[in-house]
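Single-letter residue listing:
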Amino acid sequence: MLRFLVLPSLVAVSAIGQSMPPEPERQLARSIYKELVEIKSGYTTGSTTQVAEAMAARLRAAGFPEADIFIGGAVPTKANLVVRYHGSGRRKPILLLAHTDVVEAKREDWSMDPFQFIERDGYFYGRGTGDDKAQAAVWIANLIRYKREGFRPDRDIIVALTADEEGGGPYNGVEWLIKNKRSLIDAEFCLNEGGWGEIAGGKKISNDIQVSEKYVINFRWEVRNKGGHSSMPVADNAIYHLSAALDRLSKFAFPLKTNEVTRTYFEAMSKIDNGPAKADLAAVARGSAEAMQRVARMSPAWNATLRTTCVATQIEGGHAKNALPQLAAATVNCRVLPEDSAEYVQTTLQQVTGDDHVILTILGDVSKGPASPMRPDVLKAAGRLTDTMWPGVPAVPIMVMGATDGLYLRAIGIPTYGVQGFFMDRDDIRFHGRDERLGVTAFFEGQTFLYELVKALSSAGA
Ligand SMILES: [Zn+2]
């Protein structure tokens, strides 16, 4: 009995000892983090150039040569920073990515100034504290620490802090670097945002590693008609055609399926979940069609993990109260599994309409990146470190429904993994919202996690 009482506390002490960086490293990371949050780099109104310049100044002061620091971007206000820390060159470089723009924040919407870095009640507050300036601060702080400690990696470590991830657009830093400075960021693989540690009910349950993401297709469903006077209606009506087609869409669902990533995810979930879903989650991982049906019904997130989804999001039509409509149109937003093609989705939806009066067109470009392979080196290192720092917590590969800059990198053959090790309450994620924050301990533990992870992935024999 004594053994069981004593042992866990010993483990806890040593885990805490390992999980916090030394005091000077914490101070460095915190001051970089503060500087980043207090630079207003709003996606629509701000500039990322000041961020790039501030971080370059830190790197120069730490002894990084000018030749290894690049600043540039699509326009003068949307600069990116790329810095290279040289290794022995035995293996291809590793790229560490973070975006430096943030979603806008208005003082009147917040309970404090969003562009003032405030530590209060165990949290760091400010726009970008979660998305994505914590990771940017940690990449820079850790790079400076590697240099000071004389760490000699067996591959170059490249840090890229990039512009305009939020909403993409013409100044997106990753797209710009791929097009204009490809050699600066060429790497065997990349670590990025998109994964974080999940806390549920006050307990750490998983350290999520994003391996793939769904891609987006927006369709316009359009019906045109010659119209006429509303006093003499006919059956052939644009609004009726469209609404009948949308009604069929509401009753339609794409087939349920799993892939390598989601099978691993459901397998891990079956071990974490001790509720009524446990057995079904394990059965989904084994490919049971019946279990998939039940699990998809249990939660919209699990449903979206198991199938491509398409939903009507906007509607327009008609031109006068007393005229038969000449136009009825809807936008249908699809989140597509990486293994489903755009052609497959379009053909399927055309069949779903059941009506050739409804014409489907794709709005804008479709950017589809392949899933990153489940690289055993990345997943093993992340799993081992997670278990060391937070005993019993698994690292879980996930596919996300949104999109990150990883999309562009995957498309050119650089597998990208969303991994941070910052733990947060999954029911209180404040990215893009008011009073955005990250736990103080969570930040510093993430600093250690990423320090060790990058070290492991750039040391021979890892
Ligand atoms: Zn982000």
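Residues numbered from 1 in each chain as written. Predicted model: local features only at pLDDT ≥ 70, side-chain atom pairs only at ≥ 80, totals over all residues. Heavy atoms only, no water.

## A few points about the overall build of the chain
Turning to step 1, where the next piece is worked out: What the chain contains, in helices and strands, is 15 helices and 19 strands.
Turning to step 2, where the next piece is worked out: Over its C-alpha atoms the chain spans a radius of gyration of 25 Å, differing by no more than 12% from the 23 Å that the globule rule assigns to 462 residues.
Turning to step 3, where the next piece is worked out: The dimensions of the chain, computed from C-alpha atoms along their principal axes, are 85 × 60 × 45 Å.
Turning to step 4, where the next piece is worked out: By residue count, 53% of the 462 residues in the chain fall in the buried class.
Turning to step 5, where the next piece is worked out: Considering only contacts in the chain between residues 6 or more positions apart, those separated by 24 or more positions represent 80%.
Turning to step 6, where the next piece is worked out: For the chain, the accessible area works out to roughly 20300 Å², and carbon and sulfur atoms hold 55% of it. (Helix = DSSP H or I, 4+ residues; strand = E, 2+ residues; numbered from the N terminus. Rg over C-alpha atoms; globule rule 2.2 N^0.38 Å. Buried < 20%, exposed > 50% of the residue type's maximum accessible area, 1.4 Å probe, protein only. Contact = heavy atoms within 4.5 Å. Areas by Shrake-Rupley, 256 points an atom, 1.4 Å probe, with all protein chains shown as cover.)

## Some points on the coordination of the zinc ion
Turning to step 1, where the next piece is worked out: Protein-derived coordination of the zinc ion comes from His99 (NE2), Asp131 (OD), Glu193 (OE) and Glu193 (OE), at a distance range of 1.8 to 2.8 Å.
Turning to step 2, where the next piece is worked out: Note that the zinc ion binds 4 donor atoms; their angles at the metal cover 51 to 151°, and the shape is irregular.
Turning to step 3, where the next piece is worked out: Along the chain, the residues that donate to the zinc ion are spaced as H-x31-D-x61-E. Taken together, the positions of His99 in strand E3 (residues 94-99) and Asp131 in the loop between strand E5 (123-125) and helix H4 (133-149) put the pair 32 residues apart, joining distant regions of the chain. Each member of the pair His99 and Asp131 is classed as buried. (Donors = N, O, S within 2.8 Å, 3.2 Å for Na, K, Ca; no water. Tetrahedral: all angles 85-135°; square planar, octahedral: opposite > 155°, others 65-115°.)

## Some points on the side chain of Thr416
Turning to step 1, where the next piece is worked out: Locating Thr416 in the fold gives a position in strand E17 (residues 416-418).
Turning to step 2, where the next piece is worked out: Polar contacts involving the side chain of Thr416 include one to the main-chain carbonyl oxygen of Ile414, which spans 3.0 Å.
Turning to step 3, where the next piece is worked out: The contact partners of Thr416, leaving out residues within four places of it in the chain, are Cys190, Asn192, Gln210, Val211, Ser372, Gly406, Leu409 and Arg410. (Polar contact = N/O pair within 3.5 Å; in protein donor to acceptor, adjacent residues only side chain to side chain.)

## Some details on the packing of aromatic side chains
Given two aromatic rings, one states the distance between the centres and the angle between the planes to describe the pair.
Turning to step 1, where the next piece is worked out: Counted by the stated rule, this structure contains 21 aromatic pairs.
Turning to step 2, where the next piece is worked out: Three or more aromatic residues joined by ring pairs form one cluster here, namely Tyr33, Phe117, Phe124, Phe422, Phe443 and Phe444.
Turning to step 3, where the next piece is worked out: We note Lys147 situated over the ring of Phe64; from NZ or CZ to the ring centre the distance is 5.2 Å.
Turning to step 4, where the next piece is worked out: When the ring centre of Phe151 is taken as reference, the NZ or CZ atom of Lys455 above it lies at 5.3 Å. (Phe/Tyr/Trp six-rings, centres within 6.5 Å; stacked < 30°, edge-to-face > 60°. Lys NZ or Arg CZ within 6 Å of the ring centre and 35° of its normal.)

## Brief notes about the packing of helix H13 (residues 376-389) against helix H15 (residues 440-457)
Turning to step 1, where the next piece is worked out: Where H13 meets H15, the axes come as close as 10 Å, and the angle between the chain directions of the two elements is 140°. Viewed along their axes, H13 and H15 adopt a mutual orientation that is oblique. When you trace H13 past H15, the crossing you get is right-handed. Residues Asp377, Val378, Ala381, Ala382, Arg384, Leu385, Thr386 and Met389 of H13 form the contact with H15, whose participating residues are Glu445, Thr448, Phe449, Glu452, Leu453, Ala456 and Leu457. (Axes fitted to C-alpha atoms, helices over the stretch in contact; angles between N-to-C directions. Parallel < 35°, antiparallel > 145°, perpendicular 65-115°, else oblique. Left-handed = near helix turned anticlockwise from the far one by under 90°.)

## Side note on the pairing of strand E16 (residues 395-400)
Turning to step 1, where the next piece is worked out: Counting buried residues along E16, 5 of its 6 residues qualify, which places the element largely inside the surrounding structure.
Turning to step 2, where the next piece is worked out: The sheet contact formed by strand E9 (residues 203-213) and E16 spans 6 bridges and is parallel. Bridging from a neighbouring strand, Ser212 pairs with Met399 of E16. (Pairing = 2+ DSSP bridges.)

## Remarks on the confidence of the model for the chain
Turning to step 1, where the next piece is worked out: This prediction gives the chain a mean pLDDT of 93; 96% of its residues lie at or above 70.
Turning to step 2, where the next piece is worked out: Within the model, the stretch residues 1-16 combines pLDDT values under 50 with 5 contacts to residues more than four positions away or in other chains. (pLDDT = per-residue confidence, 0-100.)

## What about the nonpolar core?
As a rule of thumb, soluble globular proteins bury nonpolar side chains together.
Turning to step 1, where the next piece is worked out: Leu191, Phe443 and Leu453 are the most contacted members of the largest nonpolar core, which has 72 residues in total.
Turning to step 2, where the next piece is worked out: For this core, the element with the highest residue contribution is H15, accounting for 11 residues.
Turning to step 3, where the next piece is worked out: Discounting residues that sit within four places of it in the chain, Leu191 has contacts with Ile94, Leu95, Leu96, Leu97, Trp139, Tyr417, Val419, Leu453, Val454 and Leu457.
Turning to step 4, where the next piece is worked out: Counting residues in hydrophobic clusters, the runner-up holds 23 residues, among them Leu246, Ala328, Leu349 and Leu360. (Core = buried A, V, L, I, M, F, W, Y, C linked by side-chain atoms within 4.5 Å.)

## Some words on the state of the cysteines
Turning to step 1, where the next piece is worked out: Throughout the structure, instances matching the rule amount to 1 disulfide.
Turning to step 2, where the next piece is worked out: Across a sulfur-sulfur distance of 2.2 Å, Cys310 and Cys334 are joined as a disulfide pair. Every disulfide takes its handedness from the sign of the S-S torsion; for Cys310 and Cys334 that torsion is 115°, giving right-handed. One end of the pair, Cys310, is in strand E12 (residues 309-317); the other, Cys334, is in strand E14 (residues 327-336), and 24 residues separate them in sequence. Just as Cys310 is buried, Cys334 falls in that class too. (Disulfide = S-S within 2.5 Å.)

## A few points about helix H5 (residues 173-180)
Turning to step 1, where the next piece is worked out: Restricting attention to buried positions, one finds in H5 the residues Gly173, Val174, Trp176, Leu177 and Ile178.
Turning to step 2, where the next piece is worked out: On its buried face, H5 sits against strand E1 (69-73), strand E2 (79-85), E3, strand E6 (157-162), helix H6 (182-185) and helix H14 (406-411).
Turning to step 3, where the next piece is worked out: Capping of H5 at its N-terminal end is provided by Asn172; its side-chain oxygen lies 3.1 Å from the backbone amide nitrogen of Val174.

## So, the environment of Leu96
Turning to step 1, where the next piece is worked out: Counting through the fold element by element, Leu96 comes out in strand E3.
Turning to step 2, where the next piece is worked out: Residues contacting Leu96, with those up to four places away along its chain left out, are Trp139, Ile157, Ile158, Val159, Ala160, Leu191 and Val454.

## Examining the pairing of strand E7 (residues 189-192)
Turning to step 1, where the next piece is worked out: A two-sided burial pattern is seen for E7, the buried positions comprising Phe189 and Leu191 on one face and Cys190 and Asn192 on the other.
Turning to step 2, where the next piece is worked out: As paired strands, E3 and E7 are joined by 3 bridges and run parallel to one another. For Leu96, the partnering residue across the bridge sits in E7 and is Leu191.
Turning to step 3, where the next piece is worked out: Alignment of E7 against E17, held across 3 bridges, turns out to be parallel. From the neighbouring strand, Asn192 faces E17, where its bridge partner is Gly418.

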